Amino acid sequence: MKQVWPPKLSETLGGLQPSMTLAITSKAKAMLAAGADVVAMSAGEPDFDTPQHIKDAAVRALAAGQTKYTPASGLPALREAVAEKMLRENGVPCEAQQVVVAPGAKFSVFSAIAVLCEPGDEVLLPTPCWLSYAEMVRAAGAVVVPVPTTAENGFCARPEDIAAQVSGRTKLLVLNTPSNPTGGVWPKAALEAVGRLAVEHGFAVLADEIYEKLVYDGLEHVSLASLGEDVREHTITVNGFSKAFAMTGWRLGYSVSPPWIASRIAALQSHTTSNATSFAQAGALAALQGPREPVETMRRAFESRRDRIYELLSGIPRLRVARPQGAFYIFPDIRDTGLDSMTFAQRALEEVGVAVIPGKPFGADTNIRLSYACGMEAIEKACARLAQFCAGL
Ligand code: PMP
Ligand code: GLU
(Lines give C-alpha, C1' and ligand atoms only; values in the text may rest on other atoms or scores of the structure.)
(Ligands and ions follow the chains in the order given, each with its own letter.)
Protein backbone atom coordinates (compact mmCIF):
# COMPACT_ATOMS: atom_id res chain seq x y z
CA MET A 1 0.00 0.00 0.00
CA LYS A 2 1.35 3.42 -0.92
CA GLN A 3 1.90 5.64 2.11
CA VAL A 4 1.31 9.37 2.39
CA TRP A 5 4.10 11.47 0.95
CA PRO A 6 5.83 13.39 2.41
CA PRO A 7 5.88 11.13 5.47
CA LYS A 8 5.72 12.21 9.10
CA LEU A 9 9.20 13.22 10.18
CA SER A 10 10.86 11.95 13.34
CA GLU A 11 9.79 13.78 16.49
CA THR A 12 12.76 12.52 18.49
CA LEU A 13 16.12 13.31 16.86
CA GLY A 14 14.58 14.87 13.77
CA GLY A 15 12.35 17.19 15.79
CA LEU A 16 15.21 19.26 17.20
CA GLN A 17 14.93 23.00 16.71
CA PRO A 18 18.02 24.85 15.42
CA SER A 19 20.42 26.08 18.14
CA MET A 20 19.59 29.71 18.89
CA THR A 21 23.15 30.55 19.97
CA LEU A 22 24.49 29.41 16.62
CA ALA A 23 21.62 31.00 14.69
CA ILE A 24 21.96 34.46 16.27
CA THR A 25 25.76 34.29 16.08
CA SER A 26 25.63 33.58 12.33
CA LYS A 27 23.00 36.26 11.80
CA ALA A 28 25.15 38.86 13.58
CA LYS A 29 28.22 37.79 11.57
CA ALA A 30 26.26 38.05 8.32
CA MET A 31 24.95 41.51 9.26
CA LEU A 32 28.48 42.67 10.05
CA ALA A 33 29.76 41.25 6.76
CA ALA A 34 27.02 43.18 4.96
CA GLY A 35 28.29 46.37 6.58
CA ALA A 36 25.57 46.77 9.25
CA ASP A 37 26.36 48.77 12.37
CA VAL A 38 26.04 45.88 14.79
CA VAL A 39 27.95 45.07 17.96
CA ALA A 40 27.92 41.30 18.31
CA MET A 41 27.82 40.19 21.93
CA SER A 42 26.28 36.91 20.89
CA ALA A 43 29.12 34.61 19.88
CA GLY A 44 30.21 31.96 22.34
CA GLU A 45 33.68 31.86 20.86
CA PRO A 46 36.96 33.60 21.61
CA ASP A 47 37.76 36.49 19.27
CA PHE A 48 41.45 35.45 19.40
CA ASP A 49 43.06 33.40 16.66
CA THR A 50 44.35 29.90 17.40
CA PRO A 51 47.96 30.10 18.73
CA GLN A 52 50.51 29.79 15.94
CA HIS A 53 52.30 26.64 17.15
CA ILE A 54 48.98 24.76 17.03
CA LYS A 55 48.26 25.88 13.50
CA ASP A 56 51.81 24.98 12.46
CA ALA A 57 51.43 21.45 13.80
CA ALA A 58 48.23 20.93 11.81
CA VAL A 59 49.81 22.33 8.65
CA ARG A 60 52.81 20.02 9.11
CA ALA A 61 50.49 17.03 9.57
CA LEU A 62 48.60 17.93 6.43
CA ALA A 63 51.82 18.34 4.45
CA ALA A 64 53.06 15.01 5.77
CA GLY A 65 49.98 13.26 4.43
CA GLN A 66 48.05 12.75 7.65
CA THR A 67 44.90 12.84 5.59
CA LYS A 68 43.47 9.41 6.34
CA TYR A 69 41.04 8.01 8.88
CA THR A 70 42.43 7.76 12.38
CA PRO A 71 41.00 5.27 14.89
CA ALA A 72 37.40 6.36 15.58
CA SER A 73 38.18 7.36 19.17
CA GLY A 74 41.18 9.45 18.18
CA LEU A 75 44.93 9.23 17.56
CA PRO A 76 46.50 7.02 20.25
CA ALA A 77 49.07 9.76 21.00
CA LEU A 78 46.31 12.33 21.52
CA ARG A 79 44.28 10.05 23.80
CA GLU A 80 47.46 9.43 25.77
CA ALA A 81 48.16 13.18 25.96
CA VAL A 82 44.62 13.86 27.21
CA ALA A 83 45.00 11.16 29.87
CA GLU A 84 48.28 12.76 31.00
CA LYS A 85 46.67 16.20 31.03
CA MET A 86 43.77 14.90 33.14
CA LEU A 87 46.19 13.66 35.77
CA ARG A 88 48.57 16.62 35.66
CA GLU A 89 46.09 19.49 35.44
CA ASN A 90 42.87 18.05 36.83
CA GLY A 91 44.03 15.47 39.36
CA VAL A 92 42.04 12.79 37.54
CA PRO A 93 43.89 9.50 37.00
CA CYS A 94 42.71 7.67 33.89
CA GLU A 95 43.86 5.42 31.06
CA ALA A 96 43.99 6.49 27.41
CA GLN A 97 41.20 3.95 26.64
CA GLN A 98 38.83 6.04 28.77
CA VAL A 99 39.38 9.04 26.50
CA VAL A 100 37.24 9.40 23.38
CA VAL A 101 38.26 12.26 21.10
CA ALA A 102 35.26 13.68 19.24
CA PRO A 103 34.47 16.25 16.54
CA GLY A 104 33.64 18.91 19.16
CA ALA A 105 32.75 18.72 22.84
CA LYS A 106 29.15 19.12 21.72
CA PHE A 107 29.26 15.64 20.25
CA SER A 108 30.90 14.31 23.40
CA VAL A 109 27.99 15.71 25.46
CA PHE A 110 25.50 14.24 23.02
CA SER A 111 27.18 10.82 23.02
CA ALA A 112 27.32 10.66 26.81
CA ILE A 113 23.61 11.49 27.09
CA ALA A 114 22.73 9.10 24.26
CA VAL A 115 24.56 6.08 25.69
CA LEU A 116 23.24 6.62 29.22
CA CYS A 117 19.65 7.73 28.81
CA GLU A 118 16.57 6.01 27.50
CA PRO A 119 12.88 6.90 27.42
CA GLY A 120 11.53 7.58 30.89
CA ASP A 121 14.90 8.37 32.47
CA GLU A 122 15.17 11.69 34.26
CA VAL A 123 18.08 14.09 33.83
CA LEU A 124 18.69 16.83 36.38
CA LEU A 125 19.66 20.15 34.85
CA PRO A 126 20.77 22.94 37.17
CA THR A 127 19.18 25.88 35.38
CA PRO A 128 19.87 28.34 33.70
CA CYS A 129 22.11 26.12 31.61
CA TRP A 130 23.51 25.81 28.10
CA LEU A 131 20.59 25.44 25.72
CA SER A 132 21.77 22.26 24.01
CA TYR A 133 21.57 20.03 27.09
CA ALA A 134 17.78 19.97 27.27
CA GLU A 135 17.45 19.35 23.54
CA MET A 136 19.87 16.44 23.68
CA VAL A 137 18.09 14.92 26.68
CA ARG A 138 14.77 15.12 24.84
CA ALA A 139 16.38 13.64 21.74
CA ALA A 140 17.27 10.61 23.86
CA GLY A 141 13.62 10.36 24.90
CA ALA A 142 14.52 11.22 28.50
CA VAL A 143 12.85 13.82 30.70
CA VAL A 144 14.43 17.12 31.77
CA VAL A 145 14.10 17.86 35.48
CA PRO A 146 15.25 21.44 36.11
CA VAL A 147 16.96 22.34 39.37
CA PRO A 148 16.56 26.11 39.64
CA THR A 149 19.56 28.17 40.76
CA THR A 150 19.74 31.85 41.64
CA ALA A 151 22.16 34.72 41.18
CA GLU A 152 22.37 34.97 44.98
CA ASN A 153 23.84 31.46 45.09
CA GLY A 154 26.25 32.20 42.24
CA PHE A 155 24.00 30.17 39.91
CA CYS A 156 25.19 27.04 41.65
CA ALA A 157 22.59 24.45 42.73
CA ARG A 158 22.13 23.88 46.46
CA PRO A 159 22.49 20.23 47.52
CA GLU A 160 19.04 20.27 49.13
CA ASP A 161 17.49 21.49 45.88
CA ILE A 162 19.19 18.71 43.94
CA ALA A 163 18.23 16.10 46.52
CA ALA A 164 14.60 17.24 46.34
CA GLN A 165 14.47 16.37 42.63
CA VAL A 166 16.15 12.96 42.79
CA SER A 167 13.80 10.07 42.06
CA GLY A 168 14.08 6.38 41.29
CA ARG A 169 14.37 7.34 37.60
CA THR A 170 17.21 9.85 37.93
CA LYS A 171 19.92 8.70 35.53
CA LEU A 172 22.12 11.73 35.12
CA LEU A 173 22.90 15.26 36.31
CA VAL A 174 24.59 17.69 33.95
CA LEU A 175 26.98 20.06 35.65
CA ASN A 176 28.73 22.90 33.84
CA THR A 177 31.43 24.79 35.68
CA PRO A 178 32.37 27.50 34.79
CA SER A 179 28.89 27.95 33.38
CA ASN A 180 27.50 29.03 30.07
CA PRO A 181 25.38 31.24 30.24
CA THR A 182 25.81 32.52 33.81
CA GLY A 183 29.58 32.65 34.30
CA GLY A 184 29.03 30.94 37.66
CA VAL A 185 31.79 28.75 39.10
CA TRP A 186 30.85 25.90 41.42
CA PRO A 187 32.87 25.92 44.65
CA LYS A 188 34.58 22.71 45.73
CA ALA A 189 32.11 22.13 48.57
CA ALA A 190 29.18 22.24 46.14
CA LEU A 191 30.91 19.74 43.86
CA GLU A 192 31.59 17.46 46.83
CA ALA A 193 27.92 17.56 47.69
CA VAL A 194 26.96 16.61 44.11
CA GLY A 195 29.48 13.77 44.18
CA ARG A 196 28.05 12.46 47.46
CA LEU A 197 24.50 12.60 46.10
CA ALA A 198 25.50 10.78 42.90
CA VAL A 199 27.18 7.97 44.81
CA GLU A 200 24.43 7.74 47.42
CA HIS A 201 21.53 7.67 44.93
CA GLY A 202 23.31 5.94 42.04
CA PHE A 203 23.15 8.45 39.22
CA ALA A 204 25.85 9.64 36.82
CA VAL A 205 27.16 13.19 36.45
CA LEU A 206 28.25 14.75 33.20
CA ALA A 207 30.83 17.37 34.17
CA ASP A 208 31.15 19.77 31.25
CA GLU A 209 34.44 21.54 31.95
CA ILE A 210 34.96 23.21 28.60
CA TYR A 211 35.50 26.62 30.25
CA GLU A 212 37.92 25.27 32.88
CA LYS A 213 40.78 27.58 31.90
CA LEU A 214 38.61 30.68 32.12
CA VAL A 215 38.30 31.38 35.85
CA TYR A 216 38.93 34.73 37.49
CA ASP A 217 39.58 36.38 40.86
CA GLY A 218 42.32 33.83 41.61
CA LEU A 219 39.80 30.98 41.74
CA GLU A 220 40.85 27.48 40.79
CA HIS A 221 38.82 25.16 38.66
CA VAL A 222 37.98 21.90 40.45
CA SER A 223 37.20 18.76 38.45
CA LEU A 224 34.40 16.65 39.87
CA ALA A 225 36.26 13.46 38.93
CA SER A 226 39.20 14.49 41.13
CA LEU A 227 37.07 14.17 44.27
CA GLY A 228 37.72 10.50 44.94
CA GLU A 229 37.50 7.14 43.26
CA ASP A 230 33.83 6.56 44.03
CA VAL A 231 32.82 9.92 42.55
CA ARG A 232 35.05 9.25 39.52
CA GLU A 233 33.12 6.00 38.85
CA HIS A 234 30.00 8.16 38.43
CA THR A 235 31.54 10.94 36.36
CA ILE A 236 31.87 11.60 32.65
CA THR A 237 34.12 14.59 32.14
CA VAL A 238 33.72 16.52 28.89
CA ASN A 239 36.22 19.06 27.70
CA GLY A 240 37.54 20.41 24.43
CA PHE A 241 39.83 22.76 22.60
CA SER A 242 37.33 25.41 21.44
CA LYS A 243 37.45 27.81 24.35
CA ALA A 244 40.84 27.40 26.05
CA PHE A 245 42.83 27.37 22.81
CA ALA A 246 40.51 29.47 20.62
CA MET A 247 39.82 26.52 18.30
CA THR A 248 36.04 26.64 17.78
CA GLY A 249 36.23 25.97 14.05
CA TRP A 250 38.54 22.98 14.45
CA ARG A 251 35.77 20.89 16.04
CA LEU A 252 37.67 18.99 18.70
CA GLY A 253 36.49 17.77 22.07
CA TYR A 254 36.75 14.70 24.25
CA SER A 255 35.12 12.75 27.02
CA VAL A 256 36.80 10.87 29.83
CA SER A 257 34.62 8.28 31.49
CA PRO A 258 34.72 4.92 33.27
CA PRO A 259 35.68 2.17 30.79
CA TRP A 260 32.17 0.68 30.63
CA ILE A 261 30.80 4.04 29.43
CA ALA A 262 33.80 4.98 27.27
CA SER A 263 33.47 1.80 25.19
CA ARG A 264 29.80 2.59 24.46
CA ILE A 265 30.63 6.18 23.51
CA ALA A 266 33.41 4.87 21.25
CA ALA A 267 30.98 2.43 19.60
CA LEU A 268 28.37 5.14 19.02
CA GLN A 269 30.96 7.44 17.52
CA SER A 270 32.34 4.66 15.30
CA HIS A 271 28.90 4.37 13.68
CA THR A 272 28.07 8.04 13.47
CA THR A 273 30.95 10.48 12.90
CA SER A 274 34.02 8.20 12.98
CA ASN A 275 37.10 10.17 13.95
CA ALA A 276 37.64 13.88 14.44
CA THR A 277 39.60 15.41 11.53
CA SER A 278 43.05 13.79 11.34
CA PHE A 279 45.26 16.88 10.98
CA ALA A 280 43.13 18.84 13.45
CA GLN A 281 44.01 16.13 15.99
CA ALA A 282 47.69 16.82 15.28
CA GLY A 283 47.01 20.45 16.20
CA ALA A 284 45.28 19.37 19.39
CA LEU A 285 48.29 17.29 20.36
CA ALA A 286 50.49 20.36 19.94
CA ALA A 287 48.02 22.36 22.04
CA LEU A 288 48.37 19.91 24.93
CA GLN A 289 52.12 19.43 24.63
CA GLY A 290 53.16 22.98 23.72
CA PRO A 291 53.52 26.25 25.66
CA ARG A 292 50.56 27.38 27.75
CA GLU A 293 51.35 31.11 27.79
CA PRO A 294 48.82 31.87 25.02
CA VAL A 295 46.04 30.31 27.12
CA GLU A 296 46.95 32.43 30.14
CA THR A 297 47.29 35.57 28.00
CA MET A 298 43.75 35.06 26.67
CA ARG A 299 42.45 34.34 30.19
CA ARG A 300 43.90 37.59 31.48
CA ALA A 301 42.34 39.52 28.61
CA PHE A 302 38.94 37.93 29.37
CA GLU A 303 39.31 38.83 33.04
CA SER A 304 39.87 42.53 32.33
CA ARG A 305 36.95 42.51 29.90
CA ARG A 306 34.83 40.87 32.59
CA ASP A 307 35.78 43.70 34.98
CA ARG A 308 34.85 46.37 32.46
CA ILE A 309 31.58 44.89 31.24
CA TYR A 310 30.45 44.21 34.79
CA GLU A 311 31.22 47.81 35.76
CA LEU A 312 29.43 49.26 32.75
CA LEU A 313 26.32 47.07 32.90
CA SER A 314 26.01 47.61 36.66
CA GLY A 315 25.62 51.30 35.92
CA ILE A 316 22.49 50.76 33.80
CA PRO A 317 19.46 51.39 36.02
CA ARG A 318 17.10 48.68 34.78
CA LEU A 319 19.60 45.85 34.68
CA ARG A 320 20.48 43.69 37.68
CA VAL A 321 23.90 42.22 37.13
CA ALA A 322 25.65 39.39 38.96
CA ARG A 323 29.44 39.34 38.76
CA PRO A 324 30.53 36.30 36.75
CA GLN A 325 33.64 34.44 37.87
CA GLY A 326 34.30 32.30 34.84
CA ALA A 327 33.71 31.62 31.12
CA PHE A 328 33.14 34.73 28.97
CA TYR A 329 29.46 35.41 29.55
CA ILE A 330 27.50 37.83 31.69
CA PHE A 331 23.82 37.23 32.33
CA PRO A 332 21.95 40.39 33.38
CA ASP A 333 18.44 40.17 34.81
CA ILE A 334 16.18 42.32 32.65
CA ARG A 335 12.87 41.96 34.49
CA ASP A 336 12.86 45.67 35.48
CA THR A 337 12.70 46.58 31.79
CA GLY A 338 9.27 44.97 31.57
CA LEU A 339 10.40 42.99 28.50
CA ASP A 340 10.74 39.26 28.13
CA SER A 341 14.10 38.03 26.87
CA MET A 342 13.04 37.33 23.28
CA THR A 343 11.55 40.81 22.89
CA PHE A 344 14.55 42.42 24.56
CA ALA A 345 17.00 40.63 22.24
CA GLN A 346 15.01 41.39 19.12
CA ARG A 347 14.47 45.05 19.97
CA ALA A 348 18.10 45.59 21.10
CA LEU A 349 19.27 44.29 17.72
CA GLU A 350 16.77 46.29 15.68
CA GLU A 351 16.81 49.53 17.66
CA VAL A 352 20.41 49.93 18.83
CA GLY A 353 22.31 47.27 16.87
CA VAL A 354 23.43 45.09 19.77
CA ALA A 355 23.22 41.31 19.27
CA VAL A 356 22.62 39.39 22.51
CA ILE A 357 21.15 35.96 23.19
CA PRO A 358 17.78 35.77 24.96
CA GLY A 359 17.82 33.82 28.23
CA LYS A 360 14.69 31.86 27.36
CA PRO A 361 16.35 28.87 25.66
CA PHE A 362 18.72 28.65 28.64
CA GLY A 363 15.70 28.40 30.94
CA ALA A 364 15.67 32.05 32.11
CA ASP A 365 13.26 34.34 30.29
CA THR A 366 14.14 37.10 32.79
CA ASN A 367 17.73 37.34 31.55
CA ILE A 368 19.84 37.97 28.48
CA ARG A 369 23.31 36.62 27.74
CA LEU A 370 26.15 38.81 26.53
CA SER A 371 29.43 37.29 25.46
CA TYR A 372 32.45 39.47 26.20
CA ALA A 373 34.70 37.40 23.95
CA CYS A 374 35.18 40.53 21.88
CA GLY A 375 37.39 43.64 22.07
CA MET A 376 37.15 46.32 24.77
CA GLU A 377 35.91 48.81 22.21
CA ALA A 378 32.95 46.58 21.36
CA ILE A 379 32.19 46.18 25.06
CA GLU A 380 32.15 49.96 25.61
CA LYS A 381 30.00 50.54 22.54
CA ALA A 382 27.51 47.77 23.35
CA CYS A 383 27.05 48.95 26.93
CA ALA A 384 26.55 52.56 25.88
CA ARG A 385 23.92 51.44 23.38
CA LEU A 386 22.17 49.19 25.89
CA ALA A 387 22.09 52.09 28.38
CA GLN A 388 20.40 54.20 25.72
CA PHE A 389 18.01 51.37 24.87
CA CYS A 390 17.00 50.78 28.50
CA ALA A 391 16.59 54.50 29.15
CA GLY A 392 14.21 54.75 26.20
CA LEU A 393 11.90 51.97 27.34
N1 PMP B 1 29.60 22.91 26.42
C2 PMP B 1 29.32 24.21 26.60
C3 PMP B 1 28.86 24.65 27.94
C4 PMP B 1 29.46 25.12 25.57
O5 PMP B 1 29.18 26.41 25.77
C6 PMP B 1 29.86 24.66 24.32
C7 PMP B 1 29.90 25.70 23.23
N8 PMP B 1 30.46 25.57 22.14
C9 PMP B 1 30.17 23.31 24.17
C10 PMP B 1 30.01 22.45 25.23
C11 PMP B 1 30.61 22.68 22.86
O12 PMP B 1 31.82 23.15 22.42
P13 PMP B 1 32.51 22.57 21.10
O14 PMP B 1 31.54 21.67 20.45
O15 PMP B 1 32.87 23.76 20.29
O16 PMP B 1 33.73 21.82 21.56
N1 GLU C 1 28.63 27.30 23.05
C2 GLU C 1 28.67 28.55 22.33
C3 GLU C 1 27.50 29.43 22.74
O4 GLU C 1 26.80 29.08 23.65
C5 GLU C 1 28.74 28.33 20.86
C6 GLU C 1 27.44 28.02 20.19
C7 GLU C 1 26.88 26.71 20.64
O8 GLU C 1 27.52 25.71 20.35
O9 GLU C 1 25.87 26.76 21.34
O10 GLU C 1 27.31 30.46 22.16
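Residues numbered from 1 in each chain as written. Chains lettered and ligands numbered in written order. Predicted model: local features only at pLDDT ≥ 70, side-chain atom pairs only at ≥ 80, totals over all residues. Heavy atoms only, no water.

A. Quick peek at the overall build of the protein. Check the secondary structure of the protein and you find 13 helices and twelve strands. Radius of gyration (C-alpha) of the protein: 21 Å, near the 21 Å computed for a compact globule of 393 residues. Overall, the C-alpha framework of the protein stretches about 60 × 55 × 55 Å when taken along its three principal axes. Here the protein holds 393 residues, and 54% of them are scored as buried. Excluding contacts between residues fewer than 6 apart, the proportion of contacts in the protein whose partners are at least 24 apart in sequence is 74%. Total accessible area on the protein is roughly 17,000 Å²; 55% of this is exposed by carbon and sulfur atoms. Of the side chains in the protein, 37 bear a positive and 40 a negative charge, and the two mean positions are spaced by 5 Å. (Helix = DSSP H or I, 4+ residues; strand = E, 2+ residues; numbered from the N terminus. Rg over C-alpha atoms; globule rule 2.2 N^0.38 Å. Buried < 20%, exposed > 50% of the residue type's maximum accessible area, 1.4 Å probe, protein only. Contact = heavy atoms within 4.5 Å. Areas by Shrake-Rupley, 256 points an atom, 1.4 Å probe, with all protein chains shown as cover. Lys, Arg positive; Asp, Glu negative; His and termini not counted. Charge placed at Lys NZ, Arg CZ, Asp CG, Glu CD.)

B. Region of interest: the site of ligand 1. Taken together, 13 residues lie near ligand 1, and Ala105, Asp208, Tyr211, Ser242 and Arg251 sit nearest. One nitrogen or oxygen atom from the main chain of Ala105 is found 2.7 Å from an oxygen atom belonging to ligand 1. The contact in question runs from a nitrogen atom of ligand 1 to an N or O atom on the side chain of Asp208, over 2.6 Å. Alone, ligand 1 offers 390 Å² of accessible surface; in the complex the protein occludes 93% of this. (Near = heavy atom within 4 Å. Polar contact = N/O pair within 3.5 Å; in protein donor to acceptor, adjacent residues only side chain to side chain.)

C. View of the environment of Ala262. By the element assignment, Ala262 lies in helix α9 (residues 259–272). Classification of Ala262 as buried rests on a relative accessible area of 1%. Separated by 18 residues in sequence, Ala262 and Ala280 have C-alpha atoms that sit 22 Å apart. Those residues in contact with Ala262 that sit more than four places away from it in its chain are Gln97, Gln98, Val100 and Ser257.

D. Expanded view of the pairing of strand β5 (residues 170–176). Counting buried positions over the seven residues of β5 gives six, a clear majority of the element. Note: strand β3 (residues 122–127) against β5, three bridges, orientation parallel. Among the inter-strand pairings, Val123 is bridged to a residue of β5, identified as Leu172. Handedness of the β-α-β unit built from β5, helix α7 (residues 188–201) and strand β6 (residues 204–208) comes out right-handed. (Pairing = 2+ DSSP bridges. Right-handed = clockwise from strand over helix to strand, strands pointing away.)

E. The site of ligand 2, seen in detail. Near ligand 2, the surroundings consist of Ser19, Thr21, Leu22, Gly44, Lys106, Trp130, Asn180, Lys243, Tyr329 and Arg369. At 2.9 Å from an oxygen atom of ligand 2 is found a side-chain nitrogen or oxygen belonging to Lys106. Each residue belonging to the shell around ligand 2 can be placed in one class, and the counts come to three nonpolar, four polar and three charged. (Nonpolar A, V, L, I, M, F, W, Y, C, P; charged D, E, K, R; others polar.)

F. Expanded view of the sheet that holds strand β8 (residues 253–256). One open sheet holds the seven strands; their spatial order is β2-β8-β7-β6-β5-β3-β4, and the pairing between them is mixed. If you trace the sheet from one side to the other, it starts and ends with β2 (99–102) and β4 (143–148), each paired once. Pairwise comparison of adjacent strand axes, ignoring direction, gives a mean angle of 20 degrees for this sheet. (Axes fitted to C-alpha atoms, helices over the stretch in contact; angles between N-to-C directions.)

G. Region of interest: the environment of His234. Its place among the elements puts His234 in the loop between α8 (229–232) and β7 (235–240). When the C-alpha atoms of His234 and Pro258 are compared, they prove to be 7.7 Å apart, with 24 residues separating the residues in sequence. Excluding anything up to four places from it in sequence, His234 contacts Ala198, Val199, Gly202, Phe203, Ala204 and Val205. A distance of 3.4 Å separates a polar side-chain atom of His234 from the backbone oxygen of Ala198.

H. Main features of the packing of aromatic side chains. For the structure shown, the criterion picks out twelve aromatic pairs. Plain terms: the ring middles of Phe155 and Phe331 are 6.2 Å apart, the flat faces sit at 75 degrees to each other, and that makes the pair edge-to-face. Residue Phe155 is located in the loop between β4 and α6 (159–165), and its partner Phe331 is located in the loop between β9 (329–330) and α12 (341–352); the two are separated by 176 residues in the primary sequence. Comparing Phe155 with Phe331 shows no difference in burial state: the two are buried. Members of the aromatic cluster, each reached through a chain of ring pairs, are Phe48, Tyr211, Phe302, Phe328 and Tyr329. (Phe/Tyr/Trp six-rings, centres within 6.5 Å; stacked < 30°, edge-to-face > 60°.)

All we've got here are geometric facts, nothing functional implied.
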